[in-house]
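An overview of the molecular structure
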Amino acid sequence: MSGVIVTRGLVKRFGRLRAVDGIDLDVRAGDIYGFLGANGSGKTTTVRMLLGLVLPTSGEIELLGGRMPRAGRRVLPRVGSLIEGPAAYGHLSGRENLALLDASGPGGSWRTRRQRIAEVLDQVGLAGVGRRPVKAYSLGMRQRLGLAAALLRRPELLVLDEPTNGLDPQGIAEVRELLLDLHRGGTTVFLSSHLLAEVEQLCSRVGVLDRGRLVLQDQMATLTAPTGATVVHTPTPDRVRATLDGRVTAIDGERVIVRGDDPAEVNALLVGAGVPVTGLALQRPTLEQVVLTATGASSDRVEADR
Amino acid sequence: MILVELRKMFRRPRTWATIAVLNALPILVAVLLVLTDLAPRPGEGPPFLSAVLSNGTLYPLAALAIVLPLFLPIAVAVIAGDSIAGEAQAGTLRYLLTRPAGRTRLLVAKLVAVMLFVVVAVLVVAVVGYVVGTTMFHAQPIGGTVIGGTGGTSFSGTSLTPQDITNRTLMGIGYVAVSMLGVAAFGLFFSTLTESPLGATMGVLAVLVSSSLLFTLDAASPIAPYLPTRYWLSFVDFFRDPIQWRDITRGLSLQAVYVGVLLTAAWANFTTKDVTS
Amino acid sequence: MRWSVVGVLVVLLASLPALIGALPVSDAAVSAHDLRAAVLASRTVAFSGYAESAGGLALPVTDQLTSVADLFSDRTTMRVWWRGPTDNRVDVVTATGETGTHTGTGGSWTWEYERATATRVAATPLALPAPPDLLPTALGRRLLSEATDAELTRIGARRVAGRDALGLRLTPAEKASSVRRVDVWVDRASGLPLQVQVLGTEGSRTALDTRFLDLDLATPSARTTAFSPPPGAAVRVGKEAEVVLEAGRRIEPVPLPATLVGLPRRHLDGVPAAIGLYGRGVTLLTVAPLPERLSDGLYDSLVQSPAAIVDDTSVRVAAGPVGLMLVEPPDEDPYILTGTVTLDALAAAAARLPGLGSAR
């Protein structure tokens, strides 16, 4: 099957609280999947269930074709993950941390270990860090080390929970480049985040979680597809309405929404009538608008952490 | 996996600090004994301590007897309580499990590492005790009966050859190590219940303190044979002649039962619990 | 599912002692008379074992006799190797050492590990109570030695030290006795008493309970019971019993009544004439004059006991079935009455005594 992560009716109850309430994820090979949700919407619990850390109350999880958590030993070596921030043994160096983690499970040959560690440290920008113990690392360096650990075995799937936490803008850009680079190499990326902008910039597919329910899941291209209207920027909106009587659906300051999915045709009409046009574009909804529509009244919580 | 755990534990400064603290008290006691030459009065103080002034080769046992009631269990409780809970608190547990290290395998590796710590700690105390004993006290030669060696007297008043003393000391060390395995099992079990290593350690100490307290209470005598600390001091029974196996075998089986039950419980809990740390 | 494995394991292990305890005990139709005879004949049966005695007797006595007092109030654990009455060894085991008594034909060696001292004591007709006397075998034989058939009944069997033990109950006939009853459980195969329980008339607590935890009927090796002082040990000769007897001999004999509170006077070899022994079996009463210097200290410690009954000239106190009374008449020397009789019987006996003289 082509599904990299498939869940059916996934439910997790903590006592009386349904933290995750029947979600059906569908992440396909080659996706950069953006998993959006407010803090407390069940994102982290879902990620932990995917990786076998939290056991589902009911429902099924398939990860790389294996039923989790039973197939964990077979499929997890092919998955790299970063869950709720990095963690390492403070008294050891980054290099030793990676070596110990790599030796703790199957699928990482000790013959290639030194080389792989050197490569991933280089990849995340920690090549020159030396033998410094991790407790002397900055937050950003720890985040990079966590990424390095996730990349250590060239995974087919990366599950990343808030990977840019603690990074400066420069670092965020670097990580974004790295992820796109990996994606071009064939890695599927599952990116859990509450940052709309991050998801909008990176992802090819989006799922939105709201209070334990998956309220939206689709291709980014579909969600932000043209609405069949054209946006006209003009200093004289009244003249647009006069010219295209009946086709104007909304006027917002100098921004006029005109029915019709051919900006060239709209432009020709307006220019023909001598209306000044300063800007012209196909109308596309922003991801924010899509999410707001999908999550309804509670959606302000998504924005609260921005 | 086991090697990984051992590397983690023995590369940790805290492990060695614990062992160092463990040895501080016996060394202090030895120095005070040498300086003052005041042996404890008969029937008081830890076993063997009154005998070491005349025979320093018994100091490993005296050292073990000194640390056995409190220091050794605390050290084992600290290390064992830290085993799973420490990884949970540091957050490394989730990465180990998604590596995947396998929950049962991780538990077994932790168990082996803690057991090895117990053995190393007991051995270090014994070796340091031996060095201290033979350098600071007389290694008493027994005139005529044993040529070129040192012997000693058993509790029962029979003479023991150096070979006997060595064998019995080794058995005593082994017995103490097994007694501590029960503590380690408690630590490992509590460690799977909580995300706080301190909480797990405190849990173990609470069990041990209650057990020691109940042991002194006549009203609790019906349950006394089942208390985990009941047979701890039975390692002195190796120095009776003939060796008194009764309490030793009971102590060993009791520890085996505790270790078996607690490890099964630890396994049942750890393999079915949600790791949310 | 996994937790149920744990549950099953815990239930199984927790019920194991109860299951073993519930193993059926087989009784046998042996009469009380025959059972007593078997006990008295068991002196020469060789065995080795591990015994524990727990005394509920808190004797309020002075410092001089603390070791005897401890014997009856503490929990004492003993290892025994018994080849015969004159070849045996009893070790009192403590957490930090042990005190072993090796008895041979000419006397006994007592080895105290913590003092590194070996004490040689010659065989005497009378000795102070020592831990070996608390072994179920020794105590059982002693308590049954003067019992009559009328006092004995059979009670059910029980399992002691993993062996079938037949029960024998001794209820003293004497009215003055403070012992309600003595229960002895006797090994069916060898006649060895395996457990002895003494109950006083006051309260329901067992005054003394001594039992074997392990028993092996194989003859122990002679090497185990033999003793020679190890190198470096202090060797001394013990004379405590002689000192006590000597003190008793120096007391001037006084005329004592032939019976006291219904108990006839009796004579034992080696006991000085000034000391009066009365009674039989488990009901015994001793009357002895006491030097004034001893009596003052004893009086002070007795009156502090919360259970003490004090009147103008005397104080009496009971510790389990053992009663102790100290009389200090105004113009005469003090004397002491003690034994396994009730406090009322002690007072009645004291009232019947003539003035006693003491050694000067």
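The written sequence of each chain sets the order in which its residues are numbered from 1. Going through the entries in the order they are written, you letter the chains from A and number the ligands from 1. The predicted nature of this model means local features are confined to residues of pLDDT at least 70 and side-chain atom pairs, given and counted, to a pLDDT of 80 or more, with totals for whole chains, interfaces and linings taken over all residues.

Some thoughts on the overall build of chain B
- If you tally the helices and strands in chain B, you get 10 helices and 2 strands.
- Runs of E in the DSSP output that reach at least two residues are strands. Runs of H or I that reach at least four are helices, and both are numbered from the N terminus. Its helices and strands taken in sequence order, chain B reads α-α-α-α-α-α-α-β-β-α-α-α from the N to the C terminus.
- The size measure is the radius of gyration over C-alpha atoms, and the globule rule it meets is 2.2 Å times the number of residues to the 0.38 power. By the compact-globule yardstick of 19 Å for 277 residues, chain B fits well, its C-alpha radius of gyration being 20 Å.
- A principal-axis box enclosing the C-alpha atoms of chain B has dimensions of 65 × 45 × 30 Å.
- Here chain B, with 277 residues, has 52% of them falling under the buried criterion.
- The contact criterion used is a C-beta to C-beta distance within 7 Å, with each C-beta placed from the backbone. Look at the contacts in chain B between residues 6 or more apart in sequence, and 73% of them connect residues 24 or more apart. Field definition: a residue is buried when 20 or more other C-beta atoms are found within 10 Å of its C-beta, exposed when 12 or fewer are, and partly exposed for counts in between, with C-beta atoms placed from the backbone.

A word on the overall build of chain C
- Each helix and strand in chain C was counted, giving 8 helices and 20 strands.
- Expressed as lengths along the three principal axes of its C-alpha atoms, the size of chain C is roughly 80 × 50 × 45 Å.
- Within chain C, counting contacts between residues at least 6 apart in sequence, those at least 24 apart form 60% of the total.

Focus on the confidence of the model for chain B
- Predicted confidence across chain B gives a mean pLDDT of 86, with 93% of residues reaching 70 or more.
- Across residues 141–149 of chain B the pLDDT falls below 50, and counting only partners more than four positions away or on other chains, this stretch makes 13 contacts in the model. pLDDT: the predictor's confidence for each residue, scored from 0 to 100.

Concerning the interface of chain B and chain C
- Listed as interface residues are 28 residues of chain B and, on the opposing side, 27 residues of chain C.
- A per-element tally of the side of chain B that touches chain C places helix α10 (residues 245–272) of chain B first, with 9 residues.
- Only Asp, Glu, Lys and Arg are considered charged in this grouping, and only Ala, Val, Leu, Ile, Met, Phe, Trp, Tyr, Cys and Pro are considered nonpolar; every other residue, Gly among them, is considered polar. Among the residues forming the side of chain B that touches chain C, the class breakdown is 12 nonpolar, 14 polar and 2 charged.

Concerning the sheet that holds strand β5 (residues 107–112) of chain C
Residues and elements named next belong to chain C.
- Whether two strands pair comes down to DSSP finding at least two bridges between them. One open sheet holds the 12 strands; their spatial order is β7-β8-β9-β10-β11-β1-β2-β3-β4-β5-β6-β12, and the pairing between them is mixed. The sheet is open, and its two edges are formed by β7 (152–160) and β12 (234–237), each paired on a single side. Direction aside, the axes of adjacent strands within the sheet are offset by 20° on average.
- Of the pairings in the sheet, the one linking strand β4 (residues 97–103) to β5 comprises 5 bridges and is antiparallel in character. To define axes, lines are fitted to C-alpha atoms, for helices over the stretch in contact only, and angles between the resulting N-to-C directions are given on a 0 to 180 degree scale.

Quick notes on the interface of chain B and chain A
- The interface is formed by 23 residues belonging to chain B together with 22 residues belonging to chain A.
- Looking at the side of chain B that touches chain A element by element, the count peaks at 6 residues for helix α6 (residues 92–98) of chain B.
- Here the side of chain B that touches chain A is built from residues that sort into 10 nonpolar, 6 polar and 7 charged.

Considering the packing of helix α4 (residues 59–67) of chain B against helix α7 (residues 103–136) of chain B
Residue and element names in this part refer to chain B.
- Between α4 and α7, whose axes approach to 7 Å, the crossing angle comes to 130°. The angle between α4 and α7 places the two elements in the oblique class. Of the two elements, α4 crosses α7, and the hand of that crossing is right-handed. Side by side, α4 and α7 meet where Tyr59, Pro60, Ala62, Ala63, Leu64 and Val67 of the first sit next to Val125, Ala126, Val128, Gly129, Tyr130, Val132 and Gly133 of the second.
- A breakdown of the residues in the contact of α4 with α7 according to their chemical character gives 11 nonpolar, 2 polar and no charged. Working rule for angles: under 35 degrees goes down as roughly parallel, over 145 as roughly antiparallel, 65 to 115 as roughly perpendicular, anything else as oblique. Should the near helix be turned anticlockwise from the far one by less than a right angle, the crossing is termed left-handed; should it be turned clockwise, right-handed.

So, the environment of Arg105(B)
- For Arg105(B), the location among the structural elements is in helix α7.
- Linking Arg105(B) and Val78(B), residues 27 residues apart in sequence, is a C-alpha distance of 21 Å.

Describing the pairing of strand β3 (residues 87–94) of chain C
Residues and elements named next belong to chain C.
- Burial within β3 is extensive, with 6 of its 8 residues counted as buried.
- For strand β2 (residues 75–84) and β3, the ladder comprises 7 bridges, and the chain directions are antiparallel. When the sheet's bridge partners are listed, glycine 84 is paired in β3 with aspartate 87.
- Count of turn residues in the β2/β3 antiparallel hairpin: 2 residues.
- Both β3 and β4 contribute to a ladder of 7 bridges, which runs antiparallel. Bridging from a neighbouring strand, asparagine 88 pairs with threonine 103 of β4.
- The turn joining β3 and β4, which pair antiparallel and follow one another in sequence, is formed by 2 residues.

A short note on the arrangement of the chains
- The interface with the most contacts, out of 2 pairs of chains in contact, is the one formed by chains B and C.
- Taking C-alpha atoms only, the smallest gap left between chain A and chain C, which are not in contact, amounts to 15 Å.

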